[in-house]
Amino acid sequence: MQNIARAAEHIRYQPDDPCPPFHALGVALQGVMISLTNTALFVTVAARAGGLEDGYLAWAVFAALVIGGVVTALQACRFGRLGAGHLLMSGAGPHFIAVAVIALAAGGVPMLASLIVVASLMQFALSAWLPLLRRIVTPVVCGTALMLIAVTVMSIAFERIDRIPADAPPTAGPVVAAVTLAGAAGLAMRASGLWRLWAVLIALAAGSAASVLFGIYDWQPAVAAAWLQAPDFSAWQGLDLSFGADFWALLPMFLLVSLVVAVKMSSDGVFIQQMSRRRPQATDFRLVQGAVNTNGLGTLLAGLAGTLPTIVYTASNISLIELTGNAARRVGLALGGLMIALAFLPKAVAVLLTIPSPVIGAFLLFVMGRLFVQGMRMVFQEELAPAKALTVGVAVSLCIGLESSDVLAELLAGTWAAPLSHGMTLGLLTAILLTWFLELSGRRGKRLETSLAMSSLPDIDAYLKDLAARIGWNHESTERLRAAGEETLACLLQPLADDRGHSEEVGVSDEGAISEQAAANAPRLIINARPEAGHVEMEFLAVFDEENLEDRLAYLSDQAETPDVEDLSFRLLRRYAAAVRHRKYHGIDVVAVQVAGSR
């Protein structure tokens, strides 16, 4: 975490900080330029590739902007199990474009809408199953996902640099791109104050000014656009509820793409928490679940409206936060409101869409380079075992190879060619499957089910003692394992005792005798200890409170060793355990404790 901590030192406003309205609006204005351009571009590409008319295109762009604004604002909030509580700039994404074109050819917009609605359920399901998939959706998989996104978009960025009018000088694209890239890099390295606040706008303006000199800036679409215009609701074509043979043939492909988007969304949710604070904290996976649920809601709304589903613009989001130093939730609320307002202002949308292609391409290169590095940091958070390193290498290699060759598209003729020949999709699926294989082929731990109460300590102690005997650990290692188990239980029980104010609530009566009623009412506790080479990893699964044990231990490491009785169990656990990781989900907590030992 040290690398990420250093990278976050520039953060001026954390998610819950009271960011001044001027700063929030300034950052939101820059963010909306990126999100609006991406949304309009992706929707236009899908509509044109599907042979749809301008009337539908206008409706689809309007709906995508409104839905993107709603999702961005929701991500900045927390409503039950919706929202990440962080700045997550969202809008229509490219992941569904290939399969959308196939669906449009097979059954038109109504069939596409129905397929997207059903596919959104995959994202809600992954959010609910995230605790069960904790060994699959790991930091290695999430970091690899970020790296694959960067690799995929880099090729697109280079294509956009060369996209200039036929009568323009051949050097126009590279020169304009170089000006944009130099401005973005220079501001990222040296800018501060207002210069950093407006860094994105300044870099794009510098590139656009250079494009004017080469005569490749086209003002006509902005001049011709109307200032204010209501949407044409008659362009909405509804849903196809006939569920014919084409629907069932295409559904598995849509579910697969939706799964990839959900896994990407979970990696975005993990990373945004780490980079939005000056001092990174342990990841709260309840917020990750909220982020995935909210994106699933955006996909559902997009299906009902008949437009492309939402994603988080990961690279642009990271660049916006790092360049401005502002990760406040107020920015997300302002950005969402601006996107909704711009949906009714075609003139403003047209002005932003006049930014030349080489400018956008250069800026994409800049943010993708940063995103690739951030993915590497996430992968290397923990010691990278050879098997995990191989997983990353194979996934990235497949992605790069497929981006430069369409060999699978030629082999996989028909429906599955579109999703499986996409470098990022196949690379991410490879990382997931290899991680799953490592999990299935690893040594299985012995499971203990009990209650989260002090009365369970004898059972836990006997369970750990038996495990140490089976793997042949010596006396010293066995005692360390048993002590770590006892202190982990004590750490989990302490908040319950603090909140309820009575020892009987955690399974001990006033006289010190075990209270059977309190133990019966205690939360369920599941322990799974897995012996590995040179250590044992114990997982404690239980219901817990708001505080994260990992953050508590990190806090203690920075404090003087004072004789505080309440901190005693945490200090002892830090002494006995080689590593402690705490993941909080809705309805369940997972505390993983690693204890080193020898025979």
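Note that the coordinates shown come from a computational prediction; the quantities given were computed from them, not determined experimentally. (Residues numbered from 1 in each chain as written. Predicted model: local features only at pLDDT ≥ 70, side-chain atom pairs only at ≥ 80, totals over all residues. Heavy atoms only, no water.)

## Comments concerning the overall build of the chain
Thinking step 1. A count of helical and extended segments in the chain gives 24 helices and seven strands.
Thinking step 2. Sorting the 599 residues of the chain into buried and exposed places 56% on the buried side.
Thinking step 3. Counted over contacts in the chain with a minimum sequence separation of 6, partners at least 24 positions apart contribute 81%.
Thinking step 4. Carbon and sulfur atoms form 62% of the exposed surface of the chain, whose accessible area is close to 24,900 Å². (Helix = DSSP H or I, 4+ residues; strand = E, 2+ residues; numbered from the N terminus. Buried < 20%, exposed > 50% of the residue type's maximum accessible area, 1.4 Å probe, protein only. Contact = heavy atoms within 4.5 Å. Areas by Shrake-Rupley, 256 points an atom, 1.4 Å probe, with all protein chains shown as cover.)

## Things to note about the environment of Phe247
Thinking step 1. In this fold, Phe247 is placed in helix 10 (residues 245-275).
Thinking step 2. For Phe247, a relative accessible area of 3% gives the class buried.
Thinking step 3. Separated by 140 residues in sequence, Phe247 and Gly107 have C-alpha atoms that sit 8.3 Å apart.

## With respect to the confidence of the model for the chain
Thinking step 1. The predicted model of the chain has a mean per-residue pLDDT of 77, with 81% of residues at 70 or higher.
Thinking step 2. Here residues 1-7 is modelled with pLDDT under 50, and outside its nearest four sequence neighbours on either side it reaches twelve contacts, counting other chains as well.
Thinking step 3. Predicted confidence is poor over residues 500-515, with pLDDT under 50, and the contacts of this stretch with residues over four places away or in other chains come to 24 contacts. (pLDDT = per-residue confidence, 0-100.)

## A word on empty space enclosed by the protein
Thinking step 1. Summed over the entire model, instances satisfying the criterion amount to three cavities of 30 Å³ or more.
Thinking step 2. Its volume calculated, the largest cavity comes out at about 100 Å³.
Thinking step 3. What lines the largest cavity is simply Met33, Ile34, Thr37, Asn38, Leu204, Ser316, Ile355, Ile360, Phe363 and Leu364.
Thinking step 4. Elements with a minimum of two residues in the lining of the largest cavity: helix 2 (21-49) and helix 15 (357-379).
Thinking step 5. When residues in the lining of the largest cavity are grouped by element, the largest group, four residues, is from helix 2.
Thinking step 6. Split by residue class, the lining of the largest cavity holds seven nonpolar, three polar and no charged. (1 Å grid on protein atoms, 1.4 Å probe; cavity = no way out; pocket = protein on both sides within 12 Å on 5 of 7 lines; lining within 4 Å. Points joined across faces, edges and corners; volume = space filled by probe spheres on them. Nonpolar A, V, L, I, M, F, W, Y, C, P; charged D, E, K, R; others polar.)

## Here's the deal with a nonpolar patch on the surface
Thinking step 1. Taken together, the side chains of Leu239, Leu241, Phe243, Trp248 and Leu304 define a hydrophobic patch exposed on the protein surface, amounting to about 500 Å² of accessible area.
Thinking step 2. Its location among the elements puts Phe243 in the loop between helix 9 (220-224) and helix 10. (Patch = residues over 30% accessible without salt bridge, like charges linked within 9 Å, V, L, I, M, F, W, Y side chains within 5 Å. Salt bridge = Lys/Arg side-chain N within 4 Å of Asp/Glu carboxyl O.)

## A word on the pattern of salt bridges
Pairing between side chains of opposite charge can happen when the charged atoms of each approach one another.
Thinking step 1. As enumerated under the stated definition, the model contains seven salt bridges in all.
Thinking step 2. A salt bridge links Asp16 to Arg329; the nearest nitrogen and oxygen atoms lie 3.0 Å apart. Of this pair, Asp16 sits in the loop between helix 1 (2-7) and helix 2 while Arg329 sits in helix 13 (residues 329-342), placing them 313 residues apart in sequence.
Thinking step 3. In this structure, Asp466 engages Arg470 in a salt bridge whose closest nitrogen and oxygen atoms are separated by 3.4 Å. Taken together, the positions of Asp466 and Arg470, both in helix 20 (residues 457-470) and four residues apart, correspond to about one turn of that helix.
Thinking step 4. Since its relative accessible area comes to 34%, Asp466 is described here as partly exposed.
Thinking step 5. On the basis of relative accessible area, Arg470 is assigned to the partly exposed category, the value being 48%.

## Things to note about the sheet that holds strand 6 (residues 579-585)
Thinking step 1. Strands sit in the order 3-4-5-7-6 across an open sheet of five strands; the sheet is antiparallel. Each end of this open sheet is capped by a strand with a single partner; those strands are strand 3 (446-451) and strand 6. Mean inter-strand twist for the sheet, computed between neighbouring axes without regard to direction, equals 15°. (Pairing = 2+ DSSP bridges. Axes fitted to C-alpha atoms, helices over the stretch in contact; angles between N-to-C directions.)

## What about the packing of aromatic side chains?
Thinking step 1. Here the structure, examined in full by the defined rule, presents six aromatic pairs.
Thinking step 2. Where Phe96 meets Phe254, the ring centres are 6.1 Å apart and the plane angle is 40°; that geometry is what we call tilted. Highlighted residues: Phe96 in the loop between strand 1 (90-92) and helix 4 (97-129) and Phe254 in helix 10, separated in sequence by 158 residues.
Thinking step 3. Taking the centre distance of 5.1 Å and the plane angle of 90° together, the rings of Phe247 and Trp248 count as edge-to-face.
Thinking step 4. Cluster of aromatic residues (ring-pair linked, three or more members): Trp59, Phe62 and Phe344. (Phe/Tyr/Trp six-rings, centres within 6.5 Å; stacked < 30°, edge-to-face > 60°.)

## So, the nonpolar core
Thinking step 1. Phe254 and Leu308 are the most contacted members of the largest nonpolar core, which totals 136 residues.
Thinking step 2. With 16 residues, the top contributor of residues to this core is helix 10.
Thinking step 3. Leu448, Leu452, Ala484 and Val595 belong to the second-largest nonpolar core, a separate cluster that totals 28 residues. (Core = buried A, V, L, I, M, F, W, Y, C linked by side-chain atoms within 4.5 Å.)

## Quick notes on helix 13
Thinking step 1. Counted at 1.5 Å a residue, the expected span for helix 13 with its 14 residues is 20 Å, and the 20 Å between its end C-alpha atoms agrees.
Thinking step 2. All buried positions along helix 13 are accounted for by Val331, Gly332, Leu335, Gly336, Met339 and Leu342. Projected down its long axis, helix 13 shows its buried positions confined to an angular sector of 130°, all on one face. (Expected span 1.5 Å × (residues − 1). Arc of directions from axis to C-beta.)

## Observations concerning the packing of helix 10 against helix 12 (residues 314-324)
Thinking step 1. It is the contact of helix 10 with helix 12, at a shortest axis distance of 11 Å, that shows an interaxial angle of 5°. Judged on the interaxial angle alone, helix 12 and helix 10 are roughly parallel. Contact residues: helix 10 offers Lys264, Asp268, Phe271, Ile272 and Met275, while helix 12 offers Thr314, Asn317, Ile318, Ile321 and Glu322.
Thinking step 2. Tallied by class, the residues present in the contact of helix 10 with helix 12 amount to five nonpolar, two polar and three charged. (Parallel < 35°, antiparallel > 145°, perpendicular 65-115°, else oblique.)

## Observations regarding helix 10
Thinking step 1. With 31 residues, helix 10 extends 46 Å from end C-alpha to end C-alpha; this agrees with the ideal 45 Å at 1.5 Å per step.
Thinking step 2. In the structure, helix 10 departs most strongly from a straight axis at Leu251, where the bend amounts to approximately 35° and where the proline Pro252 lies between one and four residues downstream. (Bend = angle between axes of the 7 residues up to and from the residue.)

## A few points about the environment of Ile355
Thinking step 1. By the secondary structure assignment, Ile355 is in the loop between helix 14 (346-353) and helix 15.
Thinking step 2. On a C-alpha basis, the gap between Ile355 and Tyr217 in space is 7.4 Å, while along the polypeptide they are 138 residues apart.
Thinking step 3. Contact partners of Ile355, with chain neighbours within four places excluded, come to Met33, Leu204, Ser208, Tyr217 and Ile360.

## Some points on the packing of helix 5 (residues 139-161) against helix 10
Thinking step 1. The N-to-C vectors of helix 5 and helix 10 enclose an angle of 105°; their axes lie 9 Å apart at closest approach. Considering their axes alone, helix 5 and helix 10 lie roughly perpendicular with respect to each other. Across the interface between the two elements, Val141, Cys142, Ala145, Leu146 and Ile149 from helix 5 touch Val263, Lys264, Ser266, Ser267, Asp268 and Phe271 from helix 10.
Thinking step 2. For the contact of helix 5 with helix 10, the class distribution of residues is seven nonpolar, two polar and two charged.

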